[in-house]
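Report on the structure
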Amino acid sequence: MEYCDCGSLATALRRGVFAPPARGAGPGPAAARWAAVLATAREVCSALAYLHGPAARLAHGDLKPGNVLLRGAAQGRWDGGRAFVALLSDFGESASASAGDDEEDGASSSSCSSSSSSSCSSDSWSREHDDPPRRRDAGGGGALTHAAPERLLLLLLQRGPATKAARAAAASPAADVFAFGTLLWELAAGECAFRGMPQAELLAEKAGPRGGGAEERLLLPTLSALEAPPALVALVRACWSRD
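The structure reproduced in this document is the subject of the present report.

Analysis parameters
- Residues numbered from 1 in each chain as written.
- Predicted model: local features only at pLDDT ≥ 70, side-chain atom pairs only at ≥ 80, totals over all residues.
- Heavy atoms only, no water.
- Helix = DSSP H or I, 4+ residues; strand = E, 2+ residues; numbered from the N terminus.
- Contact = heavy atoms within 4.5 Å.
- Areas by Shrake-Rupley, 256 points an atom, 1.4 Å probe, with all protein chains shown as cover.
- Expected span 1.5 Å × (residues − 1).
- Buried < 20%, exposed > 50% of the residue type's maximum accessible area, 1.4 Å probe, protein only.
- Arc of directions from axis to C-beta.
- Salt bridge = Lys/Arg side-chain N within 4 Å of Asp/Glu carboxyl O.
- Phe/Tyr/Trp six-rings, centres within 6.5 Å; stacked < 30°, edge-to-face > 60°.
- Lys NZ or Arg CZ within 6 Å of the ring centre and 35° of its normal.
- Polar contact = N/O pair within 3.5 Å; in protein donor to acceptor, adjacent residues only side chain to side chain.
- Core = buried A, V, L, I, M, F, W, Y, C linked by side-chain atoms within 4.5 Å.
- Axes fitted to C-alpha atoms, helices over the stretch in contact; angles between N-to-C directions.
- Left-handed = near helix turned anticlockwise from the far one by under 90°.
- Nonpolar A, V, L, I, M, F, W, Y, C, P; charged D, E, K, R; others polar.

**Some words on the overall build of the protein**
Secondary structure assignment for the protein yields 10 helices and 4 strands. Going residue by residue from the N terminus, the α and β elements of the protein occur as α-α-β-β-β-β-α-α-α-α-α-α-α-α. Sequence-distant contacts, at least 24 apart, represent 68% of the contacts inside the protein between residues at least 6 apart. For the protein, the accessible surface area stands at approximately 11300 Å², while carbon and sulfur atoms represent 55% of it.

**Topic: helix H2 (residues 27–52)**
Between its first and last C-alpha, H2 extends 37 Å over 26 residues, near the 38 Å set by a 1.5 Å rise per residue. Burial in H2 covers these residues: Arg33, Trp34, Ala36, Val37, Ala39, Thr40, Ala41, Glu43, Val44, Ala47, Leu48 and Leu51. Check the buried side of H2 and you find it contacts strand E1 (58–59), strand E2 (68–72), strand E3 (84–88), helix H7 (173–189) and helix H10 (230–240).

**A few points about H10**
Every buried residue belonging to H10 is among Leu232, Val233, Val236, Cys239 and Trp240, and all of these are buried. Down the axis of H10, the buried set is contained in an arc of 125°. They therefore lie on one face. In H10, the exposed residues that point more than 90 degrees away from the buried face are Pro230 and Ala231. Buried positions along H10 lie against H2, H7 and helix H9 (214–225).

**Observations concerning the pattern of salt bridges**
Tallying each qualifying case throughout the model produces 6 salt bridges. Among the salt bridges present, the one from glutamate 191 reaches arginine 195, with a minimum N-O distance of 3.8 Å. In this structure glutamate 191 comes out as partly exposed when scored by relative accessible area, which is 24%. As a salt-bridge pair, arginine 217 and glutamate 205 come within 2.5 Å of each other at their nearest N and O atoms. In this pair, arginine 217 is assigned in helix H9 and glutamate 205 in helix H8 (residues 199–207), connecting sequence segments 12 residues apart. By relative accessible area, which is 17% here, glutamate 205 ends up buried.

**Re the packing of aromatic side chains**
Summed over all chains, the structure comprises 1 aromatic pair. Ring geometry for phenylalanine 18 versus phenylalanine 84: centroids 6.2 Å apart, planes at 75°, classification edge-to-face. Taken together, the residues phenylalanine 18 in the loop between helix H1 (9–14) and H2 and phenylalanine 84 in strand E3 connect sequence positions 66 residues apart. No difference in accessibility class separates phenylalanine 18 from phenylalanine 84, as the two residues are buried. The ring of tryptophan 34 carries the charged tip of arginine 33 above its face, separated from the ring centre by 4.4 Å.

**Some points on unusual backbone geometry**
Located in the positive-phi region is arginine 57, a residue other than glycine, with phi close to 55°. Here arginine 57 shows up in the loop between H2 and E1. You will see that phenylalanine 194, though not glycine, has its phi angle at about 55°, which is positive. Note on placement: phenylalanine 194 falls in the loop between H7 and H8.

**Remarks on the environment of arginine 14**
Mapped onto the elements of the fold, arginine 14 is located in helix H1. The exposure class assigned to arginine 14 is partly exposed, which follows from its relative accessible area of 45%. Sequence separation between arginine 14 and glutamate 191 is 177 residues, and the spatial gap between their C-alpha atoms is 6.6 Å.

**Quick notes on the side chain of lysine 206**
When you line up the elements, lysine 206 lands in helix H8. Polar contacts involving the side chain of lysine 206 include one to the main-chain carbonyl oxygen of alanine 147, which spans 3.1 Å. Here the side chain of lysine 206 touches glutamate 215 through a polar contact of 2.4 Å, side chain to side chain.

**Describing the nonpolar core**
By size, the foremost hydrophobic cluster in this structure holds 50 residues, and its most contacted members are Leu9, Phe18, Leu63, Val68, Phe180, Leu223 and Leu232. It is H7 that provides the largest number of residues to this core, a total of 10 residues. Beyond its immediate stretch of four places on either side in the chain, leucine 63 contacts Val44, Leu48, Val68, Leu88, His146, Asp176, Ala179, Phe180 and Leu183.

**With respect to the packing of H7 against H9**
Where H7 contacts H9, the two axes come as close as 9 Å, and the packing angle between them is 35°. The interaxial crossing formed by H7 with H9 has left-handed handedness. In contact with Phe178, Thr182, Trp185, Ala188 and Ala189 of H7, H9 contributes Glu215, Leu219, Leu220, Thr222 and Leu223. Among the residues making up the contact of H7 with H9, the classes are represented as 7 nonpolar, 2 polar and 1 charged.

Below, the structure written as C-alpha cells:
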C-alpha cells in the first residue's frame, strides 16, 4: 500500500492544477499543461488496462477524480513538471468483468490490485476530498457525473436502493471506458464535469427524453474552445460512443 501525499485528482482540479494558462502566456505553459494531462491520463489508462486484463478481470465501477490519488514523485522529462503520479483507488464498486461470472469480485476500497499497474493505495484522501454529496452517487452505483447511460438506466430501474448484485451487474469495462472519457475531459478542461449543475437537471440530461448524450452536448464544446489536440478530442468521443 502506498501513501498518496498529494491528495486526489478532484482536489487538484479544484485547485487549478490542470487549469488552462492565461491568454498570452505563450506556447510553453500550454505545452507543459497538455504534457501533464496526457501523462496523468496514461497512468489511469494503465490501471484500467490491468483491471480489465486477464490478471484481475475486474471492472472498477466508480471511476472519477475523487478515486484517482496522487503521490509525489520526481519530475519527469515528458510529464509537464507535475511532480506526482496518479494511482487508481477505491474498489468498493468493482465487479468481475468475466463473461458469465455472477459473483461480485471486488477488492476492498483500501487494497492494492498491483503496485506496478498504477492502481493502488488507501482511499482516505478520496473520502475526505471527494465530489460534493449531491453529485456523488448514481443510485448506489458510482458517481452520477461519470455514469454510462446503460449503467445509469439499469440502476434507476431498481426499486429502492440498488443492491450489491445490481451494482455489480451495472459495472462493466465498457462503463469504465465511458467514465474515463469524462475524466479525460476533466483533465483537458481543467475542471470537474457538470460543475454547478443540480442533480435532478443532470439526471434529466443523461437519462431523459433526449436519450442521453449530455456529454457531447454540454461538455465537448469546451475542448474546441480550448483548442485541445484533435487526437485527444477523438479519444474522448470514442470513449463516449454508443457503439
